[in-house]
Amino acid sequence: MEIIKPSIPKGTRDFLPEQMLRRQYVINIIKTVFEKYGYQPLETPSIEKLDVLSGKYGEEGDQLMFKILKRGTGLEKVGREIKEFSITKFRDIADLGLRYDLTVPLSRVIAMYRNEITLPFKRYQIQPVWRADRPQKGRYREFFQCDADNVGSASMMADAETIAIINEILTVLGFKQFKIKINNRKILSGIVEYSGVETNRGMDVCIAIDKVDKIGIDGVKKELLQREISDNAIAKILPILEISGKIENILSDVSSLLKSSEVGSEGINEIRELISYMKSMDIPTNNYVVDLYLARGLTYYTGPIFESVVEEPKIGSLTGGGRYDELIGMFSGENIPATGTTLGIERIIDVMTELKMMPEAKTSTKVLVTIFNDETKDASLKLIQKIRKAGINSEIYFDSNGLKKQFKYADKMGIPYVVIMGPDEAEKNEVSLKDLRKGEQAQMTVEKMLEVLK
RNA sequence: GAGGGCGUAGCUCAGUUGGUUAGAUCGCCAGGUUGUGGCCCUGGAGGCCGCGGGUUCAACUCCCGUCGCUCUCCCCA
């Protein structure tokens, strides 16, 4: 038989038990916080119709979407039965794609079940998404996103709550140095308006200025020129973005510059309101900043946008989100305001691993019951069921080929306790319990052992 | 789609101007210890040197091609 060299597609990963324990640790914390804030779980299919996915993520997004080949198109016969194949519409060979994010499927769900869903609808969703790009550090082709969204309220309180959730999760996970960057698409629109650039070129401006962390201010300038933004406009845009310092000062400075722009002023007011709620919620002020350079690539954001980053290691953003008041309307015709965030669990795990913030457990098993010999097998089996009945995670070693093997197994697996049920113990109706970490061993009754293990 | 780096034992890596039998650490297996892991000691197994071709008396080493992995740009979590 020919052996097939085992491998998986690049940008995908197998999660072995040790890694799964760490993933579950992170996911459980995230889930607990989501539920604490009143969010309920939701899941949607991995595949969606291309009509649903297309046109929501910008041109680049459409390219990075995995599309699924229809069956029975005849395309698969090319090169065998037929030499040529022609189509007039792409939809004739593909009409489905893999989920690209969780926000669009949520919007689809809201539009579809509009009559069954009570607003405000608060849901969280933890599922994989797929992107057909080239993998690199902190970037995969299949990865999990954890989203929490709040549908049905235009209040800045909903945005403040989203930021509070991000802050709480990152804090509970043990992050000490992180910043939640806050901006507003309306302010960016105001700046574009003020600069005299046509409004439909706003996205070009956003993409350019969003790169400041990577290419610096001079780089942004070059990028803007490359995107055919006039010198004149650039000269108006860059000084505004440079405004920094205390949030109140930034807002008042920008506010006076943009006072002629209705949308810009609206954006300023929104941020002011948002920050005031955040203060009432006691979100530590050094965990967030107003960063006018923050733009975010996805096209569907309409109001406040936010992103959280860590200084070290350099890995891009850990979370990203914002308000998207017009996305649901694309499915139902009726605009329903919504806001929320994505947590990038892969990056969070990568950073936590690099900063050694992860618990090191290799197993959730607390105790290994050994088998001394064939005569004591049944006693060991009876014993382990007692331990399990007491609610303690335990394993039994199936092959009784010496205690050495069994101890070695427990040690390698990181199982903290080993129980021995041998002839000596049986005689006194007791068991021996060894604490592998301390290296101490004692003989005791079963009841006493259960007490120690609890 | 464009560019850089790397493919040698299960892992991480060394390998001299091309030279005869390709090494090390960890891990694995056995023993030192006939009721006991982690430390120590002794021994052992394990390699189409990514794949194909070329140059050469001779290639892990040089050249060409190819595949795989990885990083950067674009874009993003």
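Residues numbered from 1 in each chain as written. Chains lettered and ligands numbered in written order. Predicted model: local features only at pLDDT ≥ 70, side-chain atom pairs only at ≥ 80, totals over all residues. Heavy atoms only, no water.

1. Thoughts on the overall build of chain A
Worth spelling out the cut-off: Only DSSP runs of H or I reaching four residues or more are called helices, and only runs of E reaching two or more are called strands; each is numbered from the N terminus. Based on C-alpha atoms, the radius of gyration is set beside the globule rule, defined as 2.2 Å times the residue count to the power 0.38. Partly exposed residues are those whose accessible area sits between 20% and 50% of the maximum for their type, while under 20% is buried and over 50% is exposed, using a 1.4 Å probe and protein chains only. Between two residues, a contact is recorded if the distance between any of their heavy atoms is within 4.5 Å. Per-residue accessibility takes into account occlusion by the displayed protein chains alone, with areas from the Shrake-Rupley method and a 1.4 Å probe. Positive charge is attributed to Lys and Arg, negative charge to Asp and Glu, and no charge count is given to His or to the chain ends. The atom standing in for a charge is NZ when the residue is Lys, CZ when it is Arg, CG when it is Asp and CD when it is Glu.
Along the backbone of chain A there are 17 helices and 16 strands. Computed over C-alpha atoms, the radius of gyration of chain A comes to 28 Å, more than 25% over the 22 Å expected from 2.2 N^0.38 for 454 residues, which places it beyond the range of a compact globule. For the C-alpha atoms alone, the extent of chain A along its principal axes is close to 95 × 70 × 50 Å. Counting all 454 residues of chain A, 47% fall into the buried class. Considering only contacts in chain A between residues 6 or more positions apart, those separated by 24 or more positions represent 68%. By element, 50% of the accessible surface of chain A is carried by carbon and sulfur atoms, the whole surface being about 24200 Å². Averaged over its 65 positive side-chain charges, chain A has a centre that lies 3 Å from the centre of its 66 negative ones.

2. Considerations on the packing of helix α1 (residues 17–36) against helix α13 (residues 345–354)
What counts, and what does not: Where helices are involved, their axes are fitted lines through C-alpha atoms of the stretch in contact, as for all axes, and angles between N-to-C directions lie from 0 to 180°. Put simply, angles under 35 degrees are roughly parallel, angles over 145 are roughly antiparallel, angles from 65 to 115 are roughly perpendicular, and the rest are oblique. Take the far helix as the reference: if the near one is turned anticlockwise from it by less than a right angle, the crossing is left-handed, and if turned clockwise, right-handed. Residues were grouped as follows: Ala, Val, Leu, Ile, Met, Phe, Trp, Tyr, Cys and Pro as nonpolar; Asp, Glu, Lys and Arg as charged; and all remaining residues, including Gly, as polar.
For the pair α1 and α13, the least separation of the axes is 11 Å and the interaxial angle reads 115°. As far as their axial angle goes, α13 and α1 are roughly perpendicular. At the point where α1 passes α13, the crossing takes the right-handed sense. Between α1 and α13, the residues in contact are R22, R23, Y25, V26 and I27 and I345, E346, I348, I349, M352 and T353, respectively. Residue composition of the contact of α1 with α13, grouped by class: seven nonpolar, one polar and three charged.

3. Topic: the domain arrangement of chain A
Put simply, the test is: Start and end points for every domain follow an automatic or database-based domain assignment.
Examined at the domain level, chain A breaks down into domain 1 (10–178 + 310–361), domain 2 (183–287) and domain 3 (367–453). The C-alpha-based centres of domain 1 and domain 3 are spaced at 45 Å.

4. Structural notes on the protein's contact with RNA strand B
Formally: Neighbouring residues are identified by heavy atoms, a residue being near a molecule or strand if any of them is within 4 Å of it. Polar contacts, as counted here, are pairs of nitrogen or oxygen atoms within 3.5 Å of one another; within protein the pair requires one atom able to donate a hydrogen and one able to accept it, and residues that are adjacent in sequence qualify only if both atoms are side-chain atoms.
Around RNA strand B, a shell composed of 38 residues is seen, among which R131, R139, K211, G297 and D424 lie nearest. Between RNA strand B and R131 there is a distance of 2.2 Å, counted from a sugar or linking oxygen to a side-chain nitrogen or oxygen. In this structure, a sugar or linking oxygen belonging to RNA strand B sits 2.6 Å away from a main-chain N or O atom of S317. Contributing elements (two or more residues each) for the surface near RNA strand B: β6 (142–151), β10 (317–323), α15 (403–413) and α16 (423–428). Sort the elements by how many residues they give to the surface near RNA strand B and α15 lands first, with seven residues. Grouping the constituent residues of the surface near RNA strand B by class yields 10 nonpolar, eight polar and 20 charged.

5. Considering the layout of surface pockets
Put simply, the rule reads: Lining residues are those with an atom within 4 Å of a point, where the points come from a 1 Å grid over the protein atoms alone and group into cavities, where a 1.4 Å probe fits but cannot get out, or pockets, open sets with protein on both sides within 12 Å along at least five of seven lines. Grid points are joined across faces, edges and corners, and a volume is the space filled by probe spheres set on the points.
In this model, the second largest pocket occupies a volume close to 450 Å³. The wall of the second largest pocket is formed by 18 residues, among which R185, S189, T299, Y301 and T302 lie closest to the centre. Of all the elements in the fold, those that place two or more residues in the lining of the second largest pocket are α6 (185–195) and α7 (202–209). With five residues, the single largest contributor to the lining of the second largest pocket is α6. A class-by-class count of the residues in the lining of the second largest pocket yields nine nonpolar, six polar and three charged. Counting contributing residues, the lining of the second largest pocket receives three or more from each of domain 1 (10–178 + 310–361) and domain 2 (183–287).

6. Structural notes on the packing of aromatic side chains
The description of an aromatic ring pair rests on the distance of the ring centres and on the angle between the ring planes. Filter applied, for reference: Under the pairing criterion, centres of Phe, Tyr and Trp rings, with the six-membered ring standing for Trp, must be within 6.5 Å; the plane angle then separates stacked pairs below 30 degrees from edge-to-face pairs above 60, leaving the rest tilted.
Tallied over the entire structure, the rule returns six aromatic pairs. Following the ring pairs from residue to residue traces out a cluster consisting of Y57, Y100, Y300, Y301 and Y324.

7. Overview of empty space enclosed by the protein
Any empty space left between the atoms is revealed when a probe the size of a water molecule rolls over them. Counted by the stated rule, this structure contains one cavity of 30 Å³ or more. One number sums up the size of the largest cavity: a volume of about 40 Å³. The wall of the largest cavity is formed by T103, D147, D149, Y300, Y301, G320, G321, G322, Y324, G340, T341 and T342. Elements that contribute at least two residues to the lining of the largest cavity include exactly β6, β10 and β11 (338–344).

8. Section: α1
The α-helix winds at 3.6 residues per turn, so residues separated by three or four positions along the chain end up facing the same way. Convention followed: The span one expects for a helix is its residue count, reduced by one, times 1.5 Å. Directions from the helix axis toward the C-beta atoms define the arc.
Its 20 residues place the ends of α1 28 Å apart at the C-alpha level, agreeing with the 28 Å of an ideal helix rising 1.5 Å per residue. When we look at burial in α1, the residues that qualify are R23, V26, I27, I29, I30, V33 and F34. Projected onto a plane normal to the axis of α1, the buried residues spread over an arc of 150° and lie on a single side. Opposite its buried face, α1 presents the exposed residues P17 and K36, each directed more than 90 degrees away. For α1, the secondary structure elements touched by its buried residues are β5 (121–130), β6, α5 (156–173), β11 and α13. Two residues or fewer past α1, G38 is found with a positive phi of approximately 90°.

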